[in-house]
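Coordinate analysis (summary)
Spelled out, the chains give:
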Amino acid sequence: MTDATLPLLERYRDRLARGGEEFPISLGEGGTPLIHARRLGAELGLERLYLKFEGTNPTGSFKDRGMVLAVNRAMARGVQAVMCASTGNTSASAAAYAAAAGLPCWIVLPAGKVARGKLAQTLAAGARLIMIDGNFDAALDAVRELGHDERIAVVNSINPDRLAGQQTAAWEIIDALGMAPAILALPVGNAGNITAYWAGFRRSAELDGTSLPRMFGFQAAGAAPIVGGAPIASPETVATAIRIGNPASWQGAVAARDESGGLIEAVTDDDILAAQRDIVRFEGVFCEPASAASVAGVRRLTAQGSIKREDLIVCVLTGHGLKDPDIVAPEEGSLRPVSAQIAAIRHAMGL
Ligand SMILES: *Cc1c(COP(=O)(O)O)cnc(C)c1O
């Protein structure tokens with residue numbers, strides 16, 4: 001057990017810090033809830049389904065766990081700016097931590113493909129945006145090249161500090177459950193997170209003798225290069241955070257899958273959106289579409305009999321639903337005003 005009142009990097013200092021390294025910057029990242037999903041579990045046919053809700057991180061996604069370490073180290077190294085390519089959440093996180101560090105932040109984004117909330121966060125924190133005519137993979141290629149300049153710290157997940165910090169989510173799950181789950185399910189985009197979770201679980205196994213979970217990764221059907229075994233030139237999905245055709249951590253994801261006896265499969269956009277809706281309607285937890293790929297995948301595998309009712313399962317909900325408000329449409333009621341008379345409101349209620 002660790003002291004939950006400490007900032008994340010202090011809490012896991014013995015596993016993350018180099019010598020007497022200091023971490024002056026923290027926005028209160030980590031310490032996210034692990035929620036026993038009783039109603040959703042009953043719906044899916046699972047007794048021990050848990051949701052690790054990463055939407056409560058300071059900028060609303062798990063990216064903050066690694067960003068805090070990457071930006072603390074970039075600052076200690078004396079860089080003049082931070083930079084990243086992003087499908088949205090990395091930019092929101094980089095912009096916030098760069099602001100706290102007093103560093104300028106450059107973001108390279110694919111034009112027109114970023115959720116509104118993420119763009120708002122990035123601009124509000126004063127990051128400078130460069131929209132390119134190209135997808136995320138093209139943006140990352142450009143940033144890699146520019147990162148050869150030592151004055152610039154690239155804070156994409158190709159930066160090893162990002163993945164090191166993201167291991168903390170695995171450690172928090174073990175702390176909360178008192179053991180590792182049988183299955184850890186999560187969405188896979190650039191595949192940094194599945195790589196980091198697996199490293200975190202293996203580290204705990206080494207240090208504390210905890211068991212290892214099977215790693216279940218889910219890609220969107222229109223952006224599933226690892227499932228298909230080849231890069232995809234024009235990935236498409238409503239789940240913009242995992243709209244990636246050539247994952248940077250491809251090898252790490254394959255190793256996590258194979259070493260853990262897990263799997264990486266595809267889920268359709270319809271299944272992702274249905275899962276997003278059910279997670280919030282059964283549990284009150286509002287996540288963004290990409291996050292729901294974990295639950296969509298677990299639902300299908302449970303229906304197929306590949307997951308058993310009593311299995312201990314953690315689905316990682318990677319980001320907050322408020323990031324992408326445009327995805328939710330009103331299903332009942334009307335957004336057109338009615339008269340303020342009680343009778344009119346009763347009528348509108350169908351009473
Ligand atoms: C970044 C992100 C992912 C994908 O994580 P990878 O490490 O790129 O596989 C999934 N969901 C959300 C909300 C994200 O921000």
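Residues numbered from 1 in each chain as written. Predicted model: local features only at pLDDT ≥ 70, side-chain atom pairs only at ≥ 80, totals over all residues. Heavy atoms only, no water.

On to the side chain of Ser86. Topologically, Ser86 is positioned in the loop between strand 3 (81-85) and helix 5 (89-101). Looking at Ser86, the relative accessible area reads 0%, which means it is buried. There is a polar contact of 2.6 Å between the side chain of Ser86 and the backbone nitrogen of Gly88. For Ser86, the contacting residues outside a window of four places in its chain are Ser91, Val108, Leu109, Pro110 and Phe136. (Helix = DSSP H or I, 4+ residues; strand = E, 2+ residues; numbered from the N terminus. Buried < 20%, exposed > 50% of the residue type's maximum accessible area, 1.4 Å probe, protein only. Polar contact = N/O pair within 3.5 Å; in protein donor to acceptor, adjacent residues only side chain to side chain. Contact = heavy atoms within 4.5 Å.)

Moving on, we get to unusual backbone geometry. What is expected of a backbone is that most residues other than glycine have negative phi and most peptide bonds are trans. Phi at Ala191 takes a positive value of approximately 75°, unusual for a residue other than glycine. As for its placement among the helices and strands, Ala191 is situated in the loop between strand 7 (183-187) and helix 10 (192-208). Assessed through its relative accessible area of 3%, Ala191 is described here as buried.

The next subject is the packing of helix 4 (residues 63-77) against helix 5. The geometry of helix 4 relative to helix 5 is characterised by a closest axis approach of 9 Å and an angle of 40° between their N-to-C directions. The angle between the axes of helix 4 and helix 5 places the two elements in the oblique class. Here helix 4 runs over helix 5; the crossing is right-handed. Contact with helix 4, carried on its side by Lys63, Asp64, Met67, Val68, Val71 and Met75, involves Asn89, Thr90, Ser93, Ala94, Tyr97, Ala98 and Ala101 of helix 5 and no other residues of that element. Here the contact of helix 4 with helix 5 is composed, by residue class, of eight nonpolar, three polar and two charged. (Axes fitted to C-alpha atoms, helices over the stretch in contact; angles between N-to-C directions. Parallel < 35°, antiparallel > 145°, perpendicular 65-115°, else oblique. Left-handed = near helix turned anticlockwise from the far one by under 90°. Nonpolar A, V, L, I, M, F, W, Y, C, P; charged D, E, K, R; others polar.)

Another point: the sheet that holds strand 9 (residues 263-267). Across the sheet, which stays open at both edges, the six strands sit in the order 1-2-10-7-8-9 with mixed pairing between neighbours. The open sheet is flanked by strand 1 (34-36) and strand 9, the only strands paired with a single partner. Strand-to-strand, the axes of this sheet are offset by a mean angle of 25°, without reference to chain direction. Taken together, the three bridges between strand 7 and strand 10 (residues 312-317) define a ladder with parallel strand orientation. If you follow Leu184 over to strand 10, its bridge partner there is Val314. In the packing of helix 9 (residues 168-177) onto the sheet, contacts are made with strand 1, strand 2 (48-53), strand 7 and strand 10, and the angle to strand 2 comes to roughly 135°. (Pairing = 2+ DSSP bridges.)

Once that is clear, we can look at the nonpolar core. Across soluble globular proteins, you tend to see nonpolar side chains buried next to one another. Of all hydrophobic cores here, the largest spans 55 residues; its most connected members are Leu184, Ile194, Tyr197, Phe201, Met215 and Ile226. Each of domain 1 (8-61 + 162-329) and domain 2 (63-158) gives at least three residues to this core. Those residues in contact with Ile226 that lie beyond four places of it in its chain are Val188, Ala191, Gln219, Pro247, Trp250, Ala253, Val254, Arg257 and Ile264. One finds Val285, Val298, Ile313 and Cys315 within the second-largest nonpolar core, a separate group that totals 33 residues. (Core = buried A, V, L, I, M, F, W, Y, C linked by side-chain atoms within 4.5 Å. Domains from an automatic or database assignment.)

On to the site of the ligand. Not every one of the 16 residues close to the ligand is listed here, only the nearest: Lys63, Asn89, Asn190, Asn193 and Thr318. One of the backbone N or O atoms of Asn190 is found 2.7 Å from an oxygen atom in the ligand. A distance of 3.2 Å separates an oxygen atom of the ligand from a polar atom in the backbone of Gly192. The fraction of the free accessible surface of the ligand (390 Å²) that becomes covered by protein chains is 96%. Grouping the constituent residues of the shell around the ligand by class yields seven nonpolar, seven polar and two charged. (Near = heavy atom within 4 Å. Areas by Shrake-Rupley, 256 points an atom, 1.4 Å probe, with all protein chains shown as cover.)

Residues Gly117, Lys118 and Thr122 constitute the buried set of helix 6 (residues 116-124). Along the axis of helix 6, the buried positions cluster into a sector of 135°, meaning they face one direction only. Looking at the buried positions of helix 6, the neighbouring elements they touch are helix 5, strand 4 (105-110) and strand 5 (128-132). Gly126 occupies a position one or two residues after helix 6 and carries a positive phi of about 85°. (Arc of directions from axis to C-beta.)

This part takes up the domain arrangement of the protein. Assigned domains within the protein: domain 1 (8-61 + 162-329) and domain 2 (63-158). The centre of domain 1, based on its C-alpha atoms, is set 22 Å off from the matching centre of domain 2. Each partner contributes residues to the interface: domain 1 has 48 residues there, and domain 2 has 36 residues. Carbon and sulfur atoms make up 51% of the area that domain 1 and domain 2 hide from each other, which totals about 3300 Å². Summed over the three residues of domain 1 that lose the most area to domain 2, namely Ile25, Arg162 and Lys323, the buried surface amounts to 26% of that side. Joining domain 1 to domain 2, the criterion identifies five salt bridges. Here Glu21 makes a salt bridge to Arg73, at a shortest N to O gap of 2.6 Å. Applying the counting criterion to the domain 1 and domain 2 interface returns 22 residue pairs in polar contact (both at pLDDT 80 or more). Looking at the side of domain 1 that touches domain 2, the elements with two or more residues in it are helix 1 (8-11), helix 8 (160-166) and helix 9. At five residues, the largest contribution of residues to the side of domain 1 that touches domain 2 is made by helix 8. Across the side of domain 1 that touches domain 2, the residue classes tally to 19 nonpolar, 16 polar and 13 charged. (Buried area = accessible area lost by both parts, 1.4 Å probe. Salt bridge = Lys/Arg side-chain N within 4 Å of Asp/Glu carboxyl O.)

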